[in-house]
Amino acid sequence: MYKEIFRWVIAIISQPAKAWVLLAKKGEKQEEFLSRFVYPLIGFVTVAAFLGVLFTRKEFDLELALKSSIRTLVSSFGGFYLGAYLMNEIWQGIFKREKDLKLWLRFVGYSSSLMFALNIVLMLLPEFFFLRIFILYTFYIVWEGAGPYMGVEEKIRLKFVGFTTAIILLTPAVIEILLSMLMPGLSF
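By the naming in an unreviewed UniProt entry, the protein is Yip1 domain-containing protein, taken from Parabacteroides distasonis CL09T03C24. Quoted verbatim from the Subcellular location (unreviewed entry) field of the UniProt record, the comment on the protein reads "Membrane".

The structure is reproduced here in structure tokens:
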């Protein structure tokens, strides 16, 4: 299972056009997608946040590691679901398409692969903070998936990609900021 997750993440990042065509043809159940792709990725990010605090700080602070992992888990999980929900609403409201939350959960999950992978690397190796700029590559991943996976026409593709990329990148960040503001004990 983990090899398959790693293979799909690498394919989506390295060859998004080819990966989206394969994903469009892949028939998978919603529960299978969540339990075999998104949940393990969010789990990896959460474990990386825990281990990153334990092993990259000068002092060994278990409480701080737990706070970091809780904040990361909630922001990743909440960002994924909130992003899919918002795009499902925008899909109907702005793009005048029929709502399909299951489709949006898959699209947001696969499009977030780079973000999850970068978060894992940056949690374990915080001195490579400059890698954060590569998060903008998500725009290209969404661009390549808009046609084959979502069936978006060329004339509205840029608008679609702009909305989708902004939602995918901003929802976890906004949730993390809100958690820090509402629960100061989670800040470090």
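Let us look at the overall build of the protein. Counting its secondary structure elements, the protein contains eight helices and zero strands. Ordered by position from N to C terminus, the α and β elements of the protein give α-α-α-α-α-α-α-α. Expected size for 188 residues packed as a compact globule is a radius of gyration near 16 Å; at 17 Å, the protein falls within 12% of this value. Dimensions of the protein, computed from the C-alpha atoms along their principal axes, are close to 55 × 35 × 30 Å. Sequence-distant contacts, at least 24 apart, represent 69% of the contacts inside the protein between residues at least 6 apart. The average position of the 20 basic charges and that of the 15 acidic charges among the side chains of the protein differ by 4 Å.

Unusually for a residue other than glycine, lysine 96 sits at a positive phi of about 55°. Tracing the backbone through its elements, the reader meets lysine 96 in the loop between α4 (62-93) and α5 (101-111). What makes lysine 96 exposed here is its relative accessible area of 65%.

Rules behind the numbers
- Residues numbered from 1 in each chain as written.
- Predicted model: local features only at pLDDT ≥ 70, side-chain atom pairs only at ≥ 80, totals over all residues.
- Heavy atoms only, no water.
- UniProt positions renumbered as here; feature names shortened; annotations may be inferred.
- Helix = DSSP H or I, 4+ residues; strand = E, 2+ residues; numbered from the N terminus.
- Rg over C-alpha atoms; globule rule 2.2 N^0.38 Å.
- Contact = heavy atoms within 4.5 Å.
- Lys, Arg positive; Asp, Glu negative; His and termini not counted.
- Charge placed at Lys NZ, Arg CZ, Asp CG, Glu CD.
- Buried < 20%, exposed > 50% of the residue type's maximum accessible area, 1.4 Å probe, protein only.

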